[in-house]
Amino acid sequence: MSPKNVYLECFGCQMNAFDTEVLESILESEGFGILQDPSEADAILVNTCSVRENAERRAIGRLNDLSRYKGTVLAVCGCMAQRLGDRLFELVPALDIVAGPDNYAALPSAISAAISGEGRKVLVEKDGSVTYRLRSVSGSSPSRYLSVTRGCENYCSYCIVPYVRGSFRSKEAGGVIEDIGLLKASGAKEVTLLGQNVMAYRSGDCGFVDLLGRILEETDIERIRFLTTHPRDVDDGIFTLMAETDRVCPHMHLPFQAGSDRILSMMNRGYTRSGYLDIIDRARALRPDIALTTDVIVGFPGETEDDFEETLDIVERVRFDSAFTFKYSQREGTKAAGLEDDVPVEVKKSRLDNLNAAIRRIRMEIMAARIGSVEEILLDARVKKGEYQFLKGRTLHFRNVLVESENRKPGDTVSVVLKELSKFTFIGEEITGR
Ligand code: SAH
Ligand code: SF4
Ligand code: F3S
């Protein structure tokens, strides 16, 4: 029998992007080929997100769009698959397989069965211990993701993730080191450790900072990043490591979600605004140049203009490098779904616009202040801009840089002087002869 081919698409967060790599590695190890074009595929697999209503709407639209490839098996996995289960067959009539995040090891046989004409299948049992080791690595980018925790049990009142991703679990430390070895062998220079609250990592007596210590000692990976940190789990040891070595990049993504204690408490976030600001002070005491990014929600039920002013106030005080900002979206089954979604959509929109304007202004000020400085850039891709060829890369602080260079390639780390800004990207020039 000739080998079967699968085409994959991915929606959602970095954890889903990593899972898509895992899925490719599982499928390849079971003899499937991975295609870049859906029209030739025996099966199409879409990895989906449930975090906001919009995310689901887009995924369902795309699945129905992909249904035009008749005679192809259509499968959906990820968080929306877990949340909606067999309800998806009504929303996407051409669908054959629904698989939740703990069921990926069973996907190859489900896909084979569907290709040979077996009926629909729903795989949404929760396991609670699955962590997915890499079996093989097909990517070659210098900058890679690696999930080290899965699931979440924080139950922020607005959030669907604990319901779809299941209980919190950590990958065994030795497994993390081996996975990094695999990534390194395929060209990784930088690894971003992932988890919904990655600093809660714990395997036996190894916590997150211990894990980083082991990675620093037992691998020679150039740069380590991590994402996402919940304020509740912050261990100051991480800032000490950042002060000791640039291999732990001086950047932390620390969502604050809302600036008023009243809303934070209704969100069940487990910290106050002063508690949050305190973490930032401690971080900057140990690593003064640390770059901070965040997530913010506007228009949570009951949010007043005064509450929103406190959100803006946090932005002004902390001065984030950038932020992901969202309008509150009610999710069925969450605690906040019991509250009336009472902030009118126009108010949500105008708050979001104000917030984004403040974030952009500060971001520009932070970046403009770096012009003229020399930074180490890890190049990660080639890009074409008009008639010019550039290499794209990141500073240690995760800021984007384009470098014009003929004899460099992705994976190289170069010293670059930051010359100017094009929107939120630096244009840099390599310093030679050093
Ligand atoms: N685990 C991460 C966040 C994961 S979801 C953390 O706790 O920080 C990514 C972001 O989506 C969240 O930080 C939040 O800002 C946003 N989000 C989650 N649920 C949402 C909802 N119901 N409506 C709007 N935004 C939401
Ligand atoms: Fe959602 Fe909160 Fe868990 Fe983040 S920590 S995934 S916002 S429940
Ligand atoms: Fe979305 Fe699931 Fe990530 S709901 S944000 S893809 S964990």
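Position numbers for residues count from 1 along each chain, tracking the sequence in the order it is written. Lettering for chains starts from A, numbering for ligands starts from 1, and both go in the order in which the items are written. The predicted nature of this model means local features are confined to residues of pLDDT at least 70 and side-chain atom pairs, given and counted, to a pLDDT of 80 or more, with totals for whole chains, interfaces and linings taken over all residues. Note: side-chain values were computed over all heavy atoms of the structure, leaving out hydrogens and water.

Some details on the site of ligand 1
Then, in step 1: As a matter of local geometry, ligand 1 sits amid 15 residues, with Q196, P255, Q257, D295 and S329 nearest to it.
Then, in step 2: We call two N or O atoms a polar contact when they sit within 3.5 Å, provided that within protein one can donate a hydrogen and the other can accept it, with sequence-adjacent residues counted only if both atoms are side-chain atoms. Within the side chain of R52, one N or O atom sits 3.0 Å away from an oxygen atom of ligand 1.
Then, in step 3: In this structure, a nitrogen atom belonging to ligand 1 sits 2.6 Å away from a main-chain N or O atom of Q196.
Then, in step 4: Within the complex, the protein chains bury 91% of what would otherwise be the 540 Å² of accessible surface of ligand 1.
Then, in step 5: When grouped by side-chain class, the residues that make up the shell around ligand 1 number six nonpolar, four polar and five charged. Residue proximity to a molecule or strand is established when one non-hydrogen atom of the residue lies within 4 Å of it. Shrake-Rupley sampling with a 1.4 Å probe provides the accessible areas, and residues are treated as covered by the protein chains on show and by no other component. Residues were grouped as follows: Ala, Val, Leu, Ile, Met, Phe, Trp, Tyr, Cys and Pro as nonpolar; Asp, Glu, Lys and Arg as charged; and all remaining residues, including Gly, as polar.

A look at the sheet that holds strand β19 (residues 400-403)
Then, in step 1: What the five strands build is a closed barrel, ordered β17-β18-β19-β21-β20; its pairing is mixed. The mean inter-strand angle of the sheet, taken between neighbouring strand axes irrespective of direction, is 45°.
Then, in step 2: For two strands to be treated as a pair, DSSP must find no fewer than two bridges joining them. Each helix corresponds to a stretch of at least 4 residues labelled H or I by DSSP, and each strand to a stretch of at least 2 residues labelled E; elements are numbered beginning at the N terminus. Where β19 and strand β21 (residues 425-430) come together, three bridges link them in parallel fashion. Along β21, the bridge assignment pairs L402 with I427. Simply put, an axis is a line fit to the C-alpha atoms, just over the touching stretch for a helix, and the angle between two N-to-C directions goes from 0 to 180 degrees.

A few points about the domain arrangement of the chain
Then, in step 1: Each domain's extent is set by a domain assignment, obtained either automatically or from a database. Each domain of the chain was delimited in the assignment, giving domain 1 (5-123), domain 2 (143-368) and domain 3 (374-430).
Then, in step 2: Any two residues whose heavy atoms approach within 4.5 Å at even a single point are treated as in contact. Listed as interface residues are 19 residues of domain 2 and, on the opposing side, 16 residues of domain 3.
Then, in step 3: For any pair of parts, buried area is found by adding up, for both, the accessible area (1.4 Å probe) each one loses once the two are put together. Between domain 2 and domain 3 lies a buried interface of about 1,600 Å² when both sides are counted; carbon and sulfur atoms form 63% of it.
Then, in step 4: Counted as salt bridges are all cases of a side-chain nitrogen of Lys or Arg within 4 Å of a carboxyl oxygen of Asp or Glu. Where domain 2 packs against domain 3, one counts one salt bridge.
Then, in step 5: In this structure, R399 engages D321 in a salt bridge whose closest nitrogen and oxygen atoms are separated by 2.7 Å.
Then, in step 6: For the interface between domain 2 and domain 3, the tally reads eight residue pairs in polar contact (both at pLDDT 80 or more).

A look at helix α8 (residues 208-218)
Then, in step 1: Residues of α8 that are buried: F208, V209, L211, L212, I215 and L216. The buried side chains of α8 occupy one side of the element, clustering within an arc of 155° when seen end-on.
Then, in step 2: In the core, the buried residues of α8 are packed alongside α7 (173-185), β10 (190-194), β12 (206-207), β13 (223-227) and α9 (237-244). Think of it in three bands: residues with accessible area under 20% of the maximum for their type are buried, residues over 50% are exposed, and the middle band is partly exposed, with areas taken using a 1.4 Å probe on protein chains only. In this description, one arc is meant: the one made by directions from the helix axis to the C-beta atoms.

Notes on the site of ligand 2
Then, in step 1: In the vicinity of ligand 2, the contacting residues are C152, N154, Y155, C156, Y158, C159, V161, P162, Q196, N197, H230 and R269.
Then, in step 2: Per-class residue counts for the shell around ligand 2 are seven nonpolar, four polar and one charged.

What about the pattern of salt bridges?
Then, in step 1: Within this structure, the stated rule accounts for 39 salt bridges.
Then, in step 2: Ionic pairing is found between R351 and E303, a salt bridge with its closest N-O pair at 2.9 Å. Remark: E303 occurs in the loop between β15 (291-298) and α12 (305-318) and R351 occurs in helix α13 (residues 345-368); sequence separation between them is 48 residues. Both residues of the pair, R351 and E303, belong to the buried class.
Then, in step 3: Here K349 ties to D353 by a salt bridge, and the two come within 3.1 Å at their closest N and O atoms. Of this pair, K349 and D353 both sit in helix α13, four residues apart, roughly one helical turn.

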